[in-house]
Amino acid sequence: MPPQPPSGGSPPPAEKPAPPPAASRPAPPPKVDLAAEVESIPLRALREKFPQAVLEVSYFAGEVNVLLRKEDLEPVCRFLKDDPALRLDYLSNLCGVDYPDRPQRFEIVYHLFSIPRRYRINLKIRVADGEPAPSVTGVWRTANWHEREAFDLLGIPFEGHPDLRRILMPDEWQGHPLRKEYPTKGYDRDHLKLR
Amino acid sequence: MFRTEMMDINMGPQHPSTHGVLRLKLLLDGETVTDTDVLIGYLHRGVEKLCETKTYPMIEPYTDRLDYVAAMYENLGYVETVEKLMGVKVPERAEYIRVITAELQRIASHLVWLGTHALDIGAMTVFFYCFREREIILDLFEAFCGARLTYNAYRIGGLPWDLPPGWVDRVRHFVGIFPGRQKEYDTLLTRNRIWLGRTKGVGILKAEDAVDFGVTGPCLRAAGVDYDLRRAHPYSVYDRFQFDVPLGENFDTYDRYLIRMEEMRQSLRIIQQALDHLPGGEVMAKVPKRIKPPVGEVYHTVEGPRGELGFYIVSQGDDKPYRMRFRSPSFVNLQALPHMVRGSLVADVVAVIGTLDIVLGDVDR
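These figures come from a predicted structure and were not determined experimentally.

**Here we look at the overall build of chain A**
Move 1: Per the secondary structure count, chain A includes five helices and seven strands.
Move 2: Reading chain A from its N terminus to its C terminus gives the helix and strand order α-α-α-β-β-α-β-β-β-β-α-β.
Move 3: Considering chain A as a whole, with its 195 residues, one finds that 36% of them fall into the buried category.
Move 4: In chain A, the proportion of contacts linking residues at least 24 apart, taken out of those at least 6 apart, comes to 51%.

**A closer look at the interface of chain B and chain A**
Move 1: Opposite the 37 residues of chain B that make contact, chain A presents 29 residues.
Move 2: For the side of chain B that touches chain A, the elements supplying multiple residues, two or more each, are α1 (47–51), α3 (71–86), α8 (207–212), β4 (295–303), β5 (308–316), β6 (323–327) and α12 (329–334) of chain B.
Move 3: The dominant element in the side of chain B that touches chain A, judged by the number of residues it contributes, is β4 of chain B, at five residues.
Move 4: Residue composition of the side of chain B that touches chain A, by class: 15 nonpolar, 11 polar and 11 charged.

**So, helix α4 (residues 92–121) of chain B**
All names here are of chain B.
Move 1: Between its first and last C-alpha atoms α4 spans 43 Å; for 30 residues at 1.5 Å apiece the expected length is 44 Å, and the two agree.
Move 2: Burial of α4 is extensive: 26 of the 30 residues sit out of reach of the surface.
Move 3: Remark: G122 follows α4 within two positions and exhibits a positive phi of approximately 120°.

**Considering the confidence of the model for chain B**
Move 1: Chain-level statistics for chain B give a pLDDT mean of 89 and a share of 100% at 70 or above.
Move 2: Our summary of model confidence lists the complex with pTM equal to 0.86 and ipTM equal to 0.87.

**Focus on the nonpolar core**
Move 1: With 145 residues, the main nonpolar core has A210 and V352 of chain B as its most contacted residues.
Move 2: If one sorts the elements of this core by residue count, α4 of chain B sits on top with 14 residues.

**Re the sheet that holds strand β1 (residues 54–60) of chain A**
All names here are of chain A.
Move 1: The mixed open sheet is built from five strands, whose spatial order is β1-β2-β5-β4-β3. Either end of the sheet is taken by a strand with one partner, and the two such strands are β1 and β3 (90–98). Recorded for the sheet is a direction-independent mean angle of 20° between the axes of neighbouring strands.
Move 2: Looking at chain direction, β1 and strand β2 (residues 63–68) are connected through six bridges and run antiparallel. Within β2, the residue paired with S58 across the bridge is N65.
Move 3: Of the strands in this sheet, β3 and β4 (106–113) touch helix α5 (residues 143–154), which is tilted by about 10° from β3.

**Here we look at the pairing of strand β3 (residues 32–39) of chain B**
Move 1: Of the strand pairs in this sheet, strand β2 (residues 23–29) of chain B and β3 of chain B are connected by seven bridges, and their pairing is antiparallel. Along β3 of chain B, the bridge assignment pairs L24 of chain B with V38 of chain B.

**Looking at the environment of V202 of chain B**
Residue and element names in this part refer to chain B.
Move 1: In this structure, V202 sits in the loop between α7 (193–199) and α8.
Move 2: Note on V202: 22 C-beta atoms within 10 Å, which makes it buried.
Move 3: When the C-alpha positions of V202 and P288 are compared, they lie 52 Å apart, and in sequence the two are 86 residues distant.
Move 4: Beyond its immediate stretch of four places on either side in the chain, V202 contacts D252, T253, S344, D348, A351 and V352.

**What about helix α2 (residues 56–64) of chain B?**
Move 1: Within α2 of chain B, burial applies to Y56, I59, E60, Y62, T63 and D64 of chain B.
Move 2: Buried residues belonging to α2 of chain B abut α1, α3 and β6 of chain B.

**Examining the confidence of the model for chain A**
Move 1: On average, residues of chain A score 79 in pLDDT, and 79% of them reach the 70 mark or higher.
Move 2: Predicted confidence is poor over residues 1–23 of chain A, with pLDDT under 50, and the contacts of this stretch with residues over four places away or in other chains come to zero contacts.

**A few points about the sheet that holds β6 of chain B**
All names here are of chain B.
Move 1: With antiparallel pairing, three strands are arranged side by side in an open sheet as β4-β5-β6. Each having just a single partner strand, β4 and β6 make up the two edges of the open sheet. The mean inter-strand angle of the sheet, taken between neighbouring strand axes irrespective of direction, is 10°.
Move 2: Bridge count for β4 against β5 is nine bridges, and the pairing is antiparallel. Its bridge partner being in β5, V302 is matched across the sheet by L309.

Rules behind the numbers
- Residues numbered from 1 in each chain as written.
- Chains lettered and ligands numbered in written order.
- Predicted model: local features only at pLDDT ≥ 70, side-chain atom pairs only at ≥ 80, totals over all residues.
- Helix = DSSP H or I, 4+ residues; strand = E, 2+ residues; numbered from the N terminus.
- Buried ≥ 20, exposed ≤ 12 C-beta atoms within 10 Å, placed from the backbone.
- Contact = placed C-beta atoms within 7 Å.
- Nonpolar A, V, L, I, M, F, W, Y, C, P; charged D, E, K, R; others polar.
- Expected span 1.5 Å × (residues − 1).
- pLDDT = per-residue confidence, 0-100.
- Core = buried A, V, L, I, M, F, W, Y, C linked by C-beta atoms within 7 Å.
- Pairing = 2+ DSSP bridges.
- Axes fitted to C-alpha atoms, helices over the stretch in contact; angles between N-to-C directions.

Put into structure tokens, the structure is as follows:
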């Protein structure tokens, strides 16, 4: 029986039920600070080379998210890809996120990895509705379909994309389904009726 | 005077060798493919949009329906991403069981690939052999989680239940018999002259192109790039196992065949080690009933049988994700198809679709 300093033995009946929950719920695991800052070599190089481009840096679960100025995106990507010390040669993912309440409503996220060096960094830019985002298809060919998908589902136009057309939705589709105001069931259910 | 004209040929969406509803528009010069337009989206179900309306535990069954040939990996990647978002530590036993089931799934998925790929090229026998062994794995999965295809086998924080009695011995039995069965496929294909003729030098994808196109998985390693997420960015408990990463030398369809065959042997090695060191204890961590991750965003990747499976979740502190993105390997790998078939014959297109090992549910989401 562990010693109980506050009250010796007078309230055991009342206290008895209390310890089991405390035992079955053993101290919540040590809280890890998910937003803790981590050291990032690509970020340091980026800050040295393009001090004006980095607008904001945030950390989450060991990942580094860098918000860039839209104009600097392509030169930054080229630098990260070609720099012999970084070699972030692999664009794993590119996607848009819709924040309708912000003046610049779309955030485009680029998840970069380096195959030879094992680095990773996430880049972001923000664009307003209808404002074209720079295309990175010239840097990585894999961006082609990802950008087409962001155009298709969110309606973000990409400047300099060689073949910007819908990819998942039918060509004649109206609207962009991943936008927050787009109802999950769609605007028009007529296409589900049997003709 | 004679003159020639280019011809547009439509292949799919209803075509047995497109593995689902893939449509290709081939521009042909005689029988040579000069350009390909890949048209996808026939199976688009808007899963990313649906996920924004579902709570975190409700999303897991949806992930099963993306890559239905390797649903364990979709489950694994998804629950690991949410765990990373919440900072949850999963009990060791659960991690080991996840590794065992996931590697079994890799073998099952490669068996489907081998069977259908060989069937497309004209070797029918292999298909029946592969599905015979896949059946054993599906029976194991059925005993483990009750389902044979769409498992919903893991939970955020661990596993819903422990292994059923006798399961470990059944897996050991499978690990014992499978190498002999794999030799049978070897004897049917590896030195088969027709197989060599249909796969050697077909669909060449070099390293720089593969990385540029974002191709991952066996197709990337067949291009000679040593990149396996289980080793490059180890997740779960993969850093504790010994295994080799096979690499290709000729970058062609035959190499990708050899690599997937070798990967099955390496998966067996991992399963063997995991079974030998399977720890006891709990299988579920303490997670709240109502899962509400903090505000933040994570991108987590796991090495699926087809390549890198990425999961991007943006959380606003709600019990539903604000944005859910599935980076599917089939979608990205398929993008390299026009490059790989340029200048080859129409019959080779069939071989290249097979070697890319796409699942249309994963491509279209």
